[in-house]
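Architecture at a glance
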Amino acid sequence: MSYIQNTDADRKEMLAAIGVSSFDELLEPIPEELRMKGAFELETPLAEGGVAELFKDLAAKNRPASALATFLGGGIYDRFIPALVRYVTSRSEFYTSYTPYQAEVSQGTLQAIYEYQSLICRITGMDVANASMYDGATALAEAVLMASGIKGGGKVLVPRALSPRVRSVLDCYLAARAIALEEMPCTGQGTLDLDRIESALTEKTAAVILAQPNYFGLIEPSQELSELARRHGALLIACVDPISCALCAPPGEYGADIAVGEGQSLGIPQSYGGPLLGFMATKSAYVRRLPGRLISGTVDVDGARGYVMTLQTREQHIRREKATSNICTNEGLCALSAAVYLTSLGEQGVREVAEQSFAKSHTLYRLLTRTKGCRLPYGEQFFQEFVLELPMPARAFLKTAKANGILGGIPLGEQFPELGENALLVAVTEKRTKQEIERYRDIVAGKGGGR
Amino acid sequence: MSKTIFEKSRPGRRGYRIPENDCPVETIELAGMRRTPIGLPEMGEQDIVRHYIELAAKNYHVDKGIYPLGSCTMKYNPLVNEEVSRLEGFAGLHPAQDEEDVQGALELIYRLERALCEISGMAAFTLQPAAGAHGELTGIMLARAYFADRGERRKIVLIPDSAHGTNPASVTICGFTPKTIPSNERGLIDLAVLEKEVTAETAVLMLTLPNTLGLFERDIAEIVGIVHANGALVYMDGANMNALLGIVRPGDIGIDIMHLNLHKTFSTPHGGGGPGSGPVGVATHLAEFLPVPRVVEAGGTYALSCAARKSIGRVHPYLGNFNVFVKAYAYIRALGGEGLREVSENAILNANYLLARLKKTYDLKYPGPCMHEFVLSARNLKKFGIRATDVVKRLLDYGLHAPTVYFPLIVEEALMIEPVETESRETLDHFAEVLETIAEEAEKSPEKLHEAPMNTPVRRLDEAVAARCPDLCCSEEAG
Amino acid sequence: MNPEECKFTKEHEWVYIEDGDIAIIGISDYATGELGDIVYIELPDVGVKVTQMDPIGTIEAVKTVADLYSPVSGEVIEVNGKAVSSPEVVNKNPYDQGWFIKIRMDEPGELEVLFSYDEYRDFLGEQETGKEDESEDK
């Protein structure tokens, strides 16, 4: 099935209008010997109905977490998404439009993204936010490059309790530059060892990274860390869960210089990990160092309010090799999803999502503390995720759990050998119900009983 | 002028509500709780719907009209692709799920990679990069790993002066040094200059094929020869792949690394600025450096493998923009090999059709035939005090979108036009007619162009004020 | 500053000599014309040492960025805060309120290689003609 509208008759007339007798004449600049010989070896084309069938079958080979009681987290979460989000992002005017370079005919996108920027500022407590990065991991990598550009210095302190996937992306980006990551260990309570950080801070330290909550779900001492960083002249980069900012002090309140994070929780389906949404915000003083697009309010020649892309001289299409980043296409429609989500839930709704995630995760936690064989090593200062040590290898438990319709969590032993193969990262969002939580406990109890 | 959500907010209004909490806990004090309101708006659902409908009405979009933007390939976004991508079997997958539960997803990734290999002639692909620029970055990282593995220290990347800005920017992010090489009088890479510039210090020559003028590098075989003879690599920016499907396969002509843009050539929607996807393809000698994990297949079962010891690691936390892959793969399966070839044939035909007509009205620096896009210059209107900006702003008054302006940098008052294969002939005729009318207006009533646009939701915006005193965040008081 | 009493560089900076070894630096009206509305200026701090024709700052317009080159070597002794806080003043009065920095020159002899006002105007004339030649169809 092709989407080409012109027919052979059209093409014949068009060739005549061009003044050539055959299409091949138009390929004259391409030397014959370079041209592809023969046809592509690809599957037979399908009509629209055939495509629909094929993909229905492919989708049916998957067992989506969203259809089960999922306790999978680690950066990507199963949350309620209002119908309104899909409604808005399915409008052609938004999803088939181009980047808003011609501002006069892109005011819809521009205002929506301006509102998104403002909403991110509200959530994070920062002064300015950009129009999005690819995801939380690359946003963190760009934040490190930005901090290094501002402060100079080749060293950045990174917590051990950071998502291993985020850490991999960081390592990859920074390998190309002369910036060294120094890993800061956790204390026995699973949070940052502030003494170790203090001794690691030197004038060569460009920045300290804070994960809030950290990968184990725990709330870090952000205020103390911020003061420590400031005393030693290092910048503070806070990598935060956006929903947690409704309950916990946001980066702006504890003096972070740059705030980044993964925005998938804000109205974006889990989508097997993509597309995602990297948000990035900073203090006004650093706005010209910020990568990514920025939308500003302004006026037109009649004095009417409008919106426009601004500070474009930071960006690749003007600054080229001296640009703050190479980013061009970002995650525009995902940013729109986030804006609609935050508007739709509003002040109270987002707070409720945070409170329920908090309440439900603590409910399961408490049930498990009373369940034989379970060990909860890190205490209750967590937001929506915690580390569970089972009385058997995590993978074995997960198999049983799945047979009972539960995705029990992410095994930690491989990436964090110090926790052992029985350790699991368990996330409980607002979407989980009391029955699902009790069923989880029952499955654990069933396995752990009789010891 | 539309009020913002903050201005429409009223205390106590509620929109979407999650179900009641069936697991209350008595208050637990978290260290460092938020003591301040967040400051999010409070609106009812109906007013929110109206707000976004109001905004939507102000947007131009592909479903409304032609977007002749050079190198953007704004083709039709098939509706069935949107539908299938929303199936819960795709949208509801968590990336940490067991392989046995995501066989459909892994199969899709595997088949898409193989299809892209067949289409491009490259040996292997990674789908991790989330956009073209991200792909460029990944490609340069691959080159870096390749040379490091061979114990060679090469720091220079050569880039033609017609290149897209992401090219030099990507190079710098990666710690390499970009060096611009001038185009010759035909707008192509100058072989003599290239001979001189490529040395043992050169890591990569980064080129776009066809180039940003819509011209095919006739001497590409010699170009590749010179680069390879010096032990360097050729990177191809595949943004213009819409011109080459079924006509030239980059892998067959010696390209070492390339990226594709799924949101251009492969019809996935532009979304007002993303999400996109920028898969990177490599020749055999670079495959071992590709990011992990890779999808492997054995006996009809798919799995993720992190076995590649020399991999550069990860450029994305998961496998890339999966939802975008679904749409691109649906497109490829709908078109098949023949359909893809027809895409490029029609794209080239459409471009030459417009070129033949418009070169009579506007300046053409580099004579045709072109491939899928061409660059005109509005400098012939300078004598009426008209610049390219004025021409494109006037186009907006006629309900059409402007082509790309002031790019590539090597053409004065550039208008870069790519009419894509899905546009019908009548649309092309209408577009040409309007551009001809505007050229006439430039001479007879230039004030119309200077005043333009007059029929759009807002008129020309003050970008100087936006740059001097940026208003990037709605202040708390305003809301 | 009277432009006719200034020296000029190929990169369109002007220099006005005040009290023997103090050079006042700015950019010409040709430069401001080409750039359009200037939105942001980055200048070196007081105390910074500069070398002739080194890039020492940037001038940003909406859609372009230009490097600022130092016409002379020496030490920066004063920076025009007005130009930094209100860049529009540079468009309005490039030779007057729109000055950028004052430098205490190391080597006043360096001025010899710069254009006089008339030489600069000739140079601009040549640039324009050159552009027209380039414009002709081949």
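Here the structure is a predicted model, which means the values were calculated and not measured.

Reading guide: rules and limits
Residues numbered from 1 in each chain as written. Chains lettered and ligands numbered in written order. Predicted model: local features only at pLDDT ≥ 70, side-chain atom pairs only at ≥ 80, totals over all residues. Heavy atoms only, no water. Helix = DSSP H or I, 4+ residues; strand = E, 2+ residues; numbered from the N terminus. Buried < 20%, exposed > 50% of the residue type's maximum accessible area, 1.4 Å probe, protein only. Contact = heavy atoms within 4.5 Å. Areas by Shrake-Rupley, 256 points an atom, 1.4 Å probe, with all protein chains shown as cover. Lys, Arg positive; Asp, Glu negative; His and termini not counted. Charge placed at Lys NZ, Arg CZ, Asp CG, Glu CD. Pairing = 2+ DSSP bridges. Patch = residues over 30% accessible without salt bridge, like charges linked within 9 Å, V, L, I, M, F, W, Y side chains within 5 Å. Salt bridge = Lys/Arg side-chain N within 4 Å of Asp/Glu carboxyl O. Polar contact = N/O pair within 3.5 Å; in protein donor to acceptor, adjacent residues only side chain to side chain. Buried area = accessible area lost by both parts, 1.4 Å probe. Nonpolar A, V, L, I, M, F, W, Y, C, P; charged D, E, K, R; others polar. 1 Å grid on protein atoms, 1.4 Å probe; cavity = no way out; pocket = protein on both sides within 12 Å on 5 of 7 lines; lining within 4 Å. Points joined across faces, edges and corners; volume = space filled by probe spheres on them. Domains from an automatic or database assignment. Axes fitted to C-alpha atoms, helices over the stretch in contact; angles between N-to-C directions. Parallel < 35°, antiparallel > 145°, perpendicular 65-115°, else oblique. Left-handed = near helix turned anticlockwise from the far one by under 90°. Expected span 1.5 Å × (residues − 1). Bend = angle between axes of the 7 residues up to and from the residue.

**Description of the overall build of chain A**
Within chain A, the regular secondary structure consists of 13 helices and 14 strands. Along the longest, intermediate and shortest principal axes, the C-alpha atoms of chain A span 85 × 55 × 50 Å. For chain A, the proportion of its 451 residues judged to be buried stands at 67%. Taking all contacts inside chain A whose residues are at least 6 apart in sequence as the whole, residues at least 24 apart take part in 71%. Split by element, the accessible area of chain A, about 14,400 Å² in all, is 49% carbon and sulfur. Side chains of chain A carry 46 positive and 52 negative charges; the gap between the two charge centres is 6 Å.

**Brief notes about the pairing of strand β3 (residues 22–27) of chain C**
Residues and elements named next belong to chain C. In terms of burial, β3 is a largely internal element, six of the six residues being buried. Here β3 shows a buried face lined by I22, I24 and G26 and a second buried face lined by A23, I25 and I27. Where strand β2 (residues 13–18) meets β3, six bridges bridge the pair, whose relative direction is antiparallel. In the sheet register, W14 faces β3, and the bridge partner there is G26. Counted along the chain from β2 to the antiparallel partner β3, the turn is three residues long, and its residue D19 has a positive phi close to 50°. Pairing analysis gives four bridges linking β3 to strand β9 (residues 101–105), with the strands arranged antiparallel. Along β9, the bridge assignment pairs I25 with I101.

**Remarks on the pairing of strand β12 (residues 414–417) of chain B**
All names here are of chain B. Side-chain alternation along β12 places A414 and M416 on one buried face and L415 and I417 on a second face that is also buried. Here four bridges tie strand β10 (residues 374–377) to β12, and the two strands are oriented antiparallel to one another. Along β12, the bridge assignment pairs F374 with I417. Strand direction decides the pairing type here: strand β11 (residues 404–405) and β12, joined by two bridges, are antiparallel. Paired with T404 across the strands is M416, a residue of β12.

**Topic: a negative patch on the surface**
All names here are of chain C. A cluster of acidic residues, E4, E5, D118, E119, D122 and E126, forms a negative patch on the protein surface. When you line up the elements, D118 lands in helix α4 (residues 117–135). Judged by its relative accessible area of 54%, D118 falls in the exposed class.

**Observations concerning the side chain of E113(B)**
Residues and elements named next belong to chain B. Considering the arrangement of structural elements, one finds E113 in helix α5 (residues 103–120). One polar contact links E113 to R294, side chain to side chain, over a distance of 3.2 Å. Setting aside its immediate chain neighbours within four residues, E113 contacts F125, T126, L127 and R294.

**Brief notes about the interface of chain B and chain A**
Taken together, the contact between chain B and chain A spans 192 residues of the former and 184 residues of the latter. Around 16,600 Å² of area is buried between chain B and chain A when both sides are counted, 62% of it from carbon and sulfur atoms. At the boundary of chain B and chain A, one finds 14 salt bridges. Remark: the boundary between chain B and chain A carries 90 residue pairs in polar contact (both at pLDDT 80 or more). Tallying contributions element by element places helix α10 (residues 322–358) of chain B first for the side of chain B that touches chain A, with 23 residues. Grouping the constituent residues of the side of chain B that touches chain A by class yields 105 nonpolar, 47 polar and 40 charged.

**Quick look at unusual backbone geometry**
Between Q212(A) and P213(A) the backbone carries a cis peptide bond, its omega angle lying at -5°. Tracing the chain through its elements places P213(A) in the loop between β5 (205–212) and α9 (222–231). Put simply, L209(B) and P210(B) share a cis peptide bond, and its omega is -10°. Structurally, the position occupied by P210(B) is in the loop between β4 (202–208) and α9 (220–229).

**Brief notes about empty space enclosed by the protein**
All names here are of chain A. In total, this model carries 11 cavities of 30 Å³ or more according to the counting rule given. Roughly 390 Å³ of internal volume is contained in the largest cavity. Along the wall of the largest cavity there are 29 residues; nearest its centre are G74, G75, S163, V166 and E262. When residues of the lining of the largest cavity are traced back to their parent elements, those giving at least two are α6 (136–151), α7 (164–175), β5, β6 (235–240) and β7 (258–262). Among the residues making up the lining of the largest cavity, the classes are represented as 15 nonpolar, nine polar and five charged. Two domains each donate at least three residues to the lining of the largest cavity, and these are domain 1 (66–78 + 347–444) and domain 2 (83–341).

**Some remarks on the packing of helix α6 (residues 132–149) of chain B against helix α7 (residues 166–173) of chain B**
Residue and element names in this part refer to chain B. For the pair α6 and α7, the least separation of the axes is 9 Å and the interaxial angle reads 45°. Regarding the angle of α6 to α7, the classification is oblique. As α6 runs across α7, the sense of the crossing is right-handed. Each of A133, E136, L137 and I140 in α6 lies in contact with α7, whose residues at this interface are T166, N167, S170, V171 and I173.

**Thoughts on the sheet that holds strand β3 (residues 177–181) of chain B**
All names here are of chain B. Sheet architecture is open: seven strands sit in the order β1-β7-β6-β5-β4-β2-β3, paired in mixed fashion. This sheet does not close on itself; its edge strands, each paired only once, are β1 (124–126) and β3. Averaged over all pairs of adjacent strands, the angle between strand axes in this sheet comes to 25°, irrespective of strand direction. Pairing of strand β5 (residues 233–237) with strand β6 (residues 257–259), which is carried by three bridges, proceeds in the parallel orientation. Across the sheet, Y235 pairs through a bridge with I257, a residue of β6. In the packing of α6 onto the sheet, the strands contacted are β2 (156–160), β4, β5, β6 and β7 (280–282), and the crossing angle to β5 comes to about 170°.

**Things to note about the domain arrangement of chain B**
Residues and elements named next belong to chain B. Here chain B is partitioned into domain 1 (80–335) and domain 2 (344–465). Once you take the C-alpha centre of each, domain 1 and domain 2 turn out to be 31 Å apart. Across the domain 1 to domain 2 interface the summed buried area is about 1,500 Å²; carbon plus sulfur atoms make up 63%. When residues of domain 1 are sorted by the area they lose upon contact with domain 2, T212, L213 and N242 head the list and together hold 36% of the total. The interface formed by domain 1 and domain 2 holds zero salt bridges in total. Taken together, the links from domain 1 to domain 2 amount to seven residue pairs in polar contact (both at pLDDT 80 or more). Partitioned by chemical class, the residues of the side of domain 1 that touches domain 2 number 11 nonpolar, 10 polar and three charged.

**Some thoughts on the pattern of salt bridges**
Enumeration according to the criterion identifies 65 salt bridges over all chains in this entry. As a salt-bridge pair, E107(B) and K61(A) come within 2.8 Å of each other at their nearest N and O atoms. With E107(B) in helix α5 and K61(A) in the loop between α2 (48–60) and β1 (69–70), this pair bridges two chains. Across the pair E113(B) and R294(B) runs a salt bridge whose closest N-O atoms are separated by 3.2 Å. A residue pair is termed long-range when its members are at least 10 positions apart, and E113(B) in helix α5 and R294(B) in strand β8 (residues 294–298) qualify at 181 residues. Taken as a pair, E113(B) and R294(B) share a single burial class, namely buried. One salt-bridge network, in which partners are shared between bridges, spans D10(A), E13(A), R357(B), R425(B), D429(B) and E436(B).

**A word on the domain arrangement of chain A**
Residue and element names in this part refer to chain A. Here chain A is described as being made up of domain 1 (66–78 + 347–444) and domain 2 (83–341). The gap between the C-alpha centroids of domain 1 and domain 2 is 27 Å. Taken residue by residue, the interface counts 29 residues in domain 1 and 25 residues in domain 2. Taken together, the links from domain 1 to domain 2 amount to one salt bridge. There are eight residue pairs in polar contact (both at pLDDT 80 or more) connecting domain 1 and domain 2. With six residues, helix α11 (residues 332–369) is the largest single contributor of residues to the side of domain 1 that touches domain 2. Residues of the side of domain 1 that touches domain 2, tallied by class, amount to 17 nonpolar, seven polar and five charged.

**So, α10(B)**
Residue and element names in this part refer to chain B. The terminal C-alpha atoms of α10 lie 40 Å apart, and with 37 residues this falls more than 12% below the ideal 54 Å at 1.5 Å per residue. For α10, the principal kink sits at G336 and spans about 95°. Of all 37 residues that make up α10, 32 are buried, and the element is covered over most of its length.

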